[in-house]
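These are the residues of each chain, in order.
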Amino acid sequence: MSDKTSQTLRSFLWRAVNLYPDREVVSRTHEGRTRYTYKEYGERTARLANALSAYGIEKGDRVGTFCWNHHRHFETYFSVPSIGAQLHTINPLLPDTHIRHIVDEADDQLIFVDHSLAPKLAAVASGAPEFEGIEFVLMGETESDTVEGVSYEAFIAGRSSEYDWPEIEETQPAGLCYTSGTTGEPKGVEYTHRMLWSHTMATLTPQGIPIDDGDTVMPVVPMFHVNAWGFPFAATAAGAKHVYPGPSPDPEDVVRLIREEGVTITAGVPTVWLDLIDYVEDADVGLADLETIAVGGAAAPESMIRWFDDRDVEIVHAWGMTELSPIGTVSNPKYTLADADYETRLRRRTTQGLVLPGLEIRVVDDEGEEVPWDGEAFGELWIRGPWVTTEYFGRPATDEADFEGGWLKTGDIVTVDEEGYVDVVDRAEDVIKSAGEWISSIELEDAIMATDDVAEAVVVGVSHEKYQERPVAFVVPTDGADPDALSETILDRLGAEYPGWWLPDAIEYLEEIPKTTTGKFSKAVVRERYADEALIEGAAPERADHRTE
Ligand code: ADP
């Protein structure tokens, strides 16, 4: 195949600059809100490419970023891969030891770092041999007192705004991202140009995320993890306006940008939207032109979908993983539901949805047999396709239990119904095994979060002498709620929907549920910190004994 037909990222940049030169890129940074056009974006991206080349970055070299979502980070997204180098987005919220490990393994030559994250980087890098020889560029107009390095603006100053972009093979690595390491040491996933190209194209189909040139797109999901779900690439390919919410955006920042910049589509994990709901209710503000929120990374609670429906904002529920660049399924209802009533459509919209065109799935039980698509039988979801990785960075695929014959074994336990809607029951490690039977923590959480006066909830399995594991719920009540009354309401609600043995043996109240570095509820931390056996002392044993049901 000729290089000229390669599936590379550069074509998206070319299209945006030439077809939409006046479309805006808006960015909230520590310096304030800035805006420029795609034309200027293209020029700055070329200047960065010239600066990187002058610095000595070559094809195959890795360049790290330690940044929130802003225009300069976005410039690295196209510039670094388009010169043939590889963009390694580092999650700054990972533990120090993980950051040292991944910087060492990735062998980054240069790291772009935000001012607000410089103290964190300084602490991680101090005395660490993994950082020897790495230089830093500070994302802004000025240098920093904490980390030595030139400012980004000085780095690209005086460089030409034209770059003779090379032809790059589609198999060339363009990106690198590590899993967030909630289940052990982070593992690297390398994204080739072809993976990112095909992920972008599938995202832009009507079966994906509805991004158009008339849209204003704001990824709240961080650019330091799985390329903000590919939104910066997809929005550029479509010619949409970009809005980047900057360092640690809180709900007030997010709502302000939605209202002032006319954001039509945004994306993030459920906890972001739970916080936003609280803020919007308290501040009593509207969401202006917002039409769509892509929610993924964890299950979107049904109550959240209803809340936004009431405000004419559609939640598009997506499922994905770092290993698949990251989107795999999206809950767009099939055409057969066009005339269905609200509740029927909602039932499908709360699932993780239909697999994107380009991918294939199967569901496999413990014996390695495929289970039927009947909405009942469950097993592990396997997936394969052009943007699904078949190995981890630096580790031979044969050493891993996660891959088989081109399939990625996701570790997610799912059912698939006759129509192909995938419903994630649980992560394999989160499913609660009570007396040999399974309880879905996700389903219980969904029902608990639909209860009035509940702000946040997780359900984890705690070990139990007789029943292996029993569910315990951890709930954050809304201000002023009475815990005793709330526990009763929750148990009544669950009791009406689920068999007695599914009901949590205890409901514990917390001020906040701990979050992972990507903003999801961290069940691992909850388990470690709170769930010891003492919590379930006194639980009614008959509740756990489902054989009496
Ligand atoms: P990301 O941070 O992109 O979500 P990770 O690789 O850290 O990727 O996490 C992937 C895991 O998150 C999936 O294996 C799955 O367990 C969970 N997940 C992602 N999306 C959903 C969803 N919509 N519903 C339920 N679980 C989800």
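Reading the values: rules and limits
Residues numbered from 1 in each chain as written. Predicted model: local features only at pLDDT ≥ 70, side-chain atom pairs only at ≥ 80, totals over all residues. Heavy atoms only, no water. Domains from an automatic or database assignment. Contact = heavy atoms within 4.5 Å. Salt bridge = Lys/Arg side-chain N within 4 Å of Asp/Glu carboxyl O. Polar contact = N/O pair within 3.5 Å; in protein donor to acceptor, adjacent residues only side chain to side chain. Helix = DSSP H or I, 4+ residues; strand = E, 2+ residues; numbered from the N terminus. Nonpolar A, V, L, I, M, F, W, Y, C, P; charged D, E, K, R; others polar. Near = heavy atom within 4 Å. Areas by Shrake-Rupley, 256 points an atom, 1.4 Å probe, with all protein chains shown as cover. pLDDT = per-residue confidence, 0-100.

Help me understand the domain arrangement of the protein, please; the structure alone is not making it clear to me.
Put simply, an interface is often sized by how much accessible area is lost when its parts join up. Taken as a whole, the protein is organised into domain 1 (10–414) and domain 2 (435–548). If you average the C-alpha positions of domain 1 and of domain 2, the two centres end up 32 Å apart. Contact with domain 1, which involves 20 residues of that partner, is made by 14 residues of domain 2. Linking domain 1 with domain 2 are zero salt bridges, by the criterion used here. In this assembly, domain 1 and domain 2 are joined by five residue pairs in polar contact (both at pLDDT 80 or more). Of all elements in the fold, only α11 (270–283) and α12 (302–309) reach the threshold of two or more residues within the side of domain 1 that touches domain 2. Here the side of domain 1 that touches domain 2 is built from residues that sort into eleven nonpolar, seven polar and two charged.

How should I be thinking about the site of the ligand in this particular structure?
In the region of the ligand, 17 residues are neighbours, and H225, A318, D412, R427 and K520 sit closest. Contact between the ligand and T322: an oxygen atom at 2.9 Å from a side-chain N or O atom of the residue. For the ligand, whose unbound accessible area comes to 550 Å², protein coverage reaches 91%. Examining the composition of the shell around the ligand, we find that four residues originate from one element, strand β14 (residues 314–320), more than from any other.

Is there a simple way to think about the confidence of the model for the protein in this case?
Note: predicted coordinates in regions of low pLDDT should not be interpreted at a detailed level. In this model, the protein carries a mean pLDDT of 93, and residues with pLDDT of at least 70 account for 94%. Throughout residues 538–549 the model reports pLDDT below 50, and contacts reaching past four residues in sequence, or to other chains, amount to 23 contacts.

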